[in-house]
Amino acid sequence: MQTVEINLDLAEIIYDIQNKTYLTGKCRRDDTNHELVANMQANDDDENANQVLRSISMAFSTLKTKLGEYLQQTDTKGSNVLPESDTRLFLSLRMPSNYNLATLDTLASAAHQYIVSSAVVDWFTITHKSDAPEYASLAEISLRIMVEAVSKRCRPLRKSAKGAT
C-alpha cells in the first residue's frame, strides 16, 4: 500500500464557484432581468459566502464518502462547523502498491471540479433553478473521472533473475 495526498485550496474553489456563477449570469443577461442576473452571481457578502461555504462543506463530505474505500482518516469526530475561506481541504488515500501515480493530478482536478459543480448546483437551486441540472451533470462527470483515476494501475514489471546478465 502507498499513501497519496490531495490538497485542495478552498480559496481556489470559492473563486471558481464565483467565476462560474458570474459567467453563467452574464450569459443569461438581457434588457429585462438585471436583478435576476445579479442574484445568480455568488460574491463575498456574508449571506452568499456562508451559503457557498456550506455547499462546499457538503460536497467535500460527499466526496469523502465516494472515496471512502481509499480514505485514510484518523478523525473520530464529525463537525458541522463552517470552514474558514482560507482552509485547505485534505484527503489522504491508501492506494494499492501498483496505483498509477500519473493519475494523481487528474484525481485532484476532478475532486476540485466535483466540489465546485456540486456547490454551484446548490447555488443555482436557490437562485436560478434551470441552470442547476447542467452543473449536476458536470458533478457526475467529475465523479466518474475520479472513479477511473483511482482505478488505474501500473503494469507489473518482470524482476530479473539473480545472476542473469
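Just above sits the structure.
### A few points about the overall build of the protein chain
Here's step 1: Scanning the protein chain from terminus to terminus reveals five helices and two strands.
Here's step 2: Scanning the protein chain from its N terminus toward the C terminus, one meets helices and strands in the order β-α-α-α-β-α-α.
Here's step 3: By the compact-globule yardstick of 15 Å for 165 residues, the protein chain is too spread out, its C-alpha radius of gyration being 20 Å.
Here's step 4: The principal-axis extents of the C-alpha atoms in the protein chain amount to approximately 80 × 35 × 20 Å.
Here's step 5: Taking as baseline every contact in the protein chain between residues at least 6 positions apart, the subset at least 24 positions apart corresponds to 81%.
Here's step 6: Computed over 18 positive and 21 negative side-chain charges, the inter-centroid distance for the protein chain is 16 Å.

### Structural notes on the nonpolar core
Here's step 1: The biggest cluster of nonpolar side chains holds 41 residues, and the ones touching the most others in it are I56, L63 and I115.
Here's step 2: Breaking this core down by element, the ones donating at least two residues are β1 (2-9), α1 (10-28), α3 (46-66), β2 (88-95), α4 (104-127) and α5 (132-150).
Here's step 3: In terms of residue count, α4 provides more of this core than any other element does, 12 residues in total.
Here's step 4: Setting aside residues up to four positions removed in sequence, I115 forms contacts with L8, I13, I56, A59, F60, L63 and L89.

### Describing α1
Here's step 1: Between its terminal C-alpha atoms α1 stretches 27 Å, which fits the 27 Å expected from 19 residues at 1.5 Å a residue.
Here's step 2: Those residues of α1 that sit buried are L10, I13, I14, D16, I17, Q18, T21, T24 and G25.
Here's step 3: Check the buried side of α1 and you find it contacts β1, α2 (34-40), α3, β2, α4 and α5.
Here's step 4: Put simply, D9 is the residue that caps the front of α1, since its side-chain oxygen is 3.0 Å from the backbone nitrogen of A11.

### Structural notes on the side chain of T103
Here's step 1: For T103, the location among the structural elements is in the loop between β2 and α4.
Here's step 2: With residues up to four places along the chain from it excluded, the contact list for T103 reads A149 and K152.

### Section: the pattern of salt bridges
Here's step 1: This structure, assessed with the given rule, holds four salt bridges.
Here's step 2: The closest approach of N and O atoms between D9 and R88, which form a salt bridge, is 3.6 Å. Remark: R88 occurs in strand β2 and D9 occurs in strand β1; sequence separation between them is 79 residues.
Here's step 3: A salt bridge links K152 to E148; the shortest N-O distance between them is 3.4 Å.
Here's step 4: The exposure class of K152 is partly exposed, given its relative accessible area of 35%.

### Some details on a nonpolar patch on the surface
Here's step 1: Together, L138, I141 and I145 line one region of the surface with nonpolar side chains, adding up to about 210 Å² of accessible area.
Here's step 2: Following the sequence through the fold, I141 ends up in helix α5.

Rules used throughout
Residues numbered from 1 in each chain as written. Predicted model: local features only at pLDDT ≥ 70, side-chain atom pairs only at ≥ 80, totals over all residues. Heavy atoms only, no water. Helix = DSSP H or I, 4+ residues; strand = E, 2+ residues; numbered from the N terminus. Rg over C-alpha atoms; globule rule 2.2 N^0.38 Å. Contact = heavy atoms within 4.5 Å. Lys, Arg positive; Asp, Glu negative; His and termini not counted. Charge placed at Lys NZ, Arg CZ, Asp CG, Glu CD. Core = buried A, V, L, I, M, F, W, Y, C linked by side-chain atoms within 4.5 Å. Buried < 20%, exposed > 50% of the residue type's maximum accessible area, 1.4 Å probe, protein only. Expected span 1.5 Å × (residues − 1). Polar contact = N/O pair within 3.5 Å; in protein donor to acceptor, adjacent residues only side chain to side chain. Salt bridge = Lys/Arg side-chain N within 4 Å of Asp/Glu carboxyl O. Patch = residues over 30% accessible without salt bridge, like charges linked within 9 Å, V, L, I, M, F, W, Y side chains within 5 Å. Areas by Shrake-Rupley, 256 points an atom, 1.4 Å probe, with all protein chains shown as cover.

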